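Each chain, letter by letter, is given below.
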Amino acid sequence: MSPFSFCFDSKACKDCGGKCCTGESGYIFASISELEKIALFLQIPFNDFLLRYVKKVGYRFSLIEKKINHEYACIFFDTEHQCCSIYEVRPKQCRDFPFWEIYLDEKNLPQLLKECKGVKRKEKPLE
Ligand code: SF4
C-alpha cells in the first residue's frame, strides 16, 4: 500500500500550465547520467550543456532556472506551450512528482493540494 495520504491523476497535467515546473525558486536535481541523457537529447556537447544549463549545489547538480514575471521556471519549461521541453528525458525528481518524501509529512500536504490539482487527499477508511 502506498505510504502517501493522497492519490494523483496525471490527466490534470494537461491543462495545469506546469505549476510544478514554475513558482518559487528551487532546485531541479539531476544525476550525471540524467544530465548526459538530456545533453544527448538536445544534441549539445556535454561540457557545453553543463556550462549553459547546470549549476552545482553542494555535491549535487541542478538544472538552472529562468525568471518569468515574478516567478521562476525551470530553464527547460516551454513557456509558450506550457510544458516541459525535455519531457522524454526529464530527471527522476520531475518524474516522481508529487510522490516526494517531503509530502509523506502531513503538514506539507495543504501546500501540495494548493499547487497541484491532480492531487486528491485519500479518504480515510471508516472505523
Ligand atoms: S525538467 Fe521538465 S518537468 Fe522537470 S522542472 Fe524542468 S520543465 Fe519541469
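Note that the structure is a prediction, hence the values are computed from the model and not measured. (Residues numbered from 1 in each chain as written. Predicted model: local features only at pLDDT ≥ 70, side-chain atom pairs only at ≥ 80, totals over all residues. Heavy atoms only, no water.)

A. Layout of the state of the cysteines. The tally for this structure, following the rule as stated, stands at zero disulfides. Free cysteine Cys 7: the closest other cysteine sulfur is in Cys 116, separated by 11 Å. For Cys 7, a relative accessible area of 38% puts it in the partly exposed group. In this structure Cys 116 is a free cysteine whose sulfur lies 6.3 Å from that of Cys 13, the closest cysteine sulfur available. (Disulfide = S-S within 2.5 Å. Buried < 20%, exposed > 50% of the residue type's maximum accessible area, 1.4 Å probe, protein only.)

B. Looking closely at the site of the ligand. Neighbouring residues of the ligand: Cys 21, Leu 63, Cys 74, Phe 76, Phe 77, Cys 84, Ile 86, Pro 91 and Cys 94. Residues that form the shell around the ligand fall into these classes: nine nonpolar, no polar and no charged. (Near = heavy atom within 4 Å. Nonpolar A, V, L, I, M, F, W, Y, C, P; charged D, E, K, R; others polar.)

C. Structural context of the pairing of strand β6 (residues 65–68). The sheet contact formed by β6 and strand β7 (residues 71–74) spans four bridges and is antiparallel. Each bridged residue has a counterpart across the sheet, and for Glu 65 the counterpart in β7 is Cys 74. Hairpin connection between β6 and β7: a loop of two residues separates the two successive antiparallel strands, and Asn 69 in this loop has a positive phi of roughly 50°. (Pairing = 2+ DSSP bridges. Helix = DSSP H or I, 4+ residues; strand = E, 2+ residues; numbered from the N terminus.)

D. Layout of the sheet that holds strand β3 (residues 28–29). Across the sheet, three strands lie side by side as β3-β5-β4; this open sheet has antiparallel pairing. Single-partner strands in this sheet number two, and they are β3 and β4 (54–57). Two elements, β3 and strand β5 (residues 60–63), share two bridges in a ladder whose sense is antiparallel. Of the residues in β5, the one forming a bridge with Phe 29 is Ser 62. Here helix α1 (residues 32–42) sits on the sheet and contacts β3, β4 and β5; the angle it forms with β5, its principal contact strand, is near 35°. This element, helix α2 (residues 46–53), spans β4 and β5 of the sheet and lies at about 70° to β4. (Contact = heavy atoms within 4.5 Å. Axes fitted to C-alpha atoms, helices over the stretch in contact; angles between N-to-C directions.)

E. The arrangement of the side chain of Glu 65 in detail. With respect to the helices, strands and loops of the structure, Glu 65 is situated in strand β6. No salt bridge forms around the buried Glu 65; measuring N to O, its nearest opposite-charge neighbour Lys 55 is 4.5 Å away. In terms of polar contacts, Glu 65 uses its side chain to reach the side chain of Ser 25, at 2.7 Å. Polar side-chain contacts of Glu 65 include one of 2.9 Å to the backbone nitrogen of Gly 26. (Lys, Arg positive; Asp, Glu negative; His and termini not counted. Salt bridge = Lys/Arg side-chain N within 4 Å of Asp/Glu carboxyl O. Polar contact = N/O pair within 3.5 Å; in protein donor to acceptor, adjacent residues only side chain to side chain.)

F. Molecular detail of the packing of aromatic side chains. In the structure shown here, the tally under the stated rule is eleven aromatic pairs. On the numbers, 5.1 Å between centres and 70° between planes, the contact of Phe 4 with Phe 99 is edge-to-face. Remark: Phe 99 occurs in the loop between α3 (92–96) and α4 (109–115) and Phe 4 occurs in the segment before β1 (6–8); sequence separation between them is 95 residues. With 6.3 Å between their ring centres and 85° between their planes, Phe 8 and Phe 99 make a pair best called edge-to-face. Within this pair, whereas Phe 8 is found in strand β1, its partner Phe 99 is found in the loop between α3 and α4, the two being separated by 91 residues in sequence. With relative accessibility at 27%, the residue Phe 8 sits in the partly exposed group. An aromatic cluster of three or more residues is present, and its members are Phe 4, Phe 6, Phe 8 and Phe 99. For Arg 60, the ring lying beneath its charged end belongs to Phe 29, and the centroid distance is 3.7 Å. (Phe/Tyr/Trp six-rings, centres within 6.5 Å; stacked < 30°, edge-to-face > 60°. Lys NZ or Arg CZ within 6 Å of the ring centre and 35° of its normal.)

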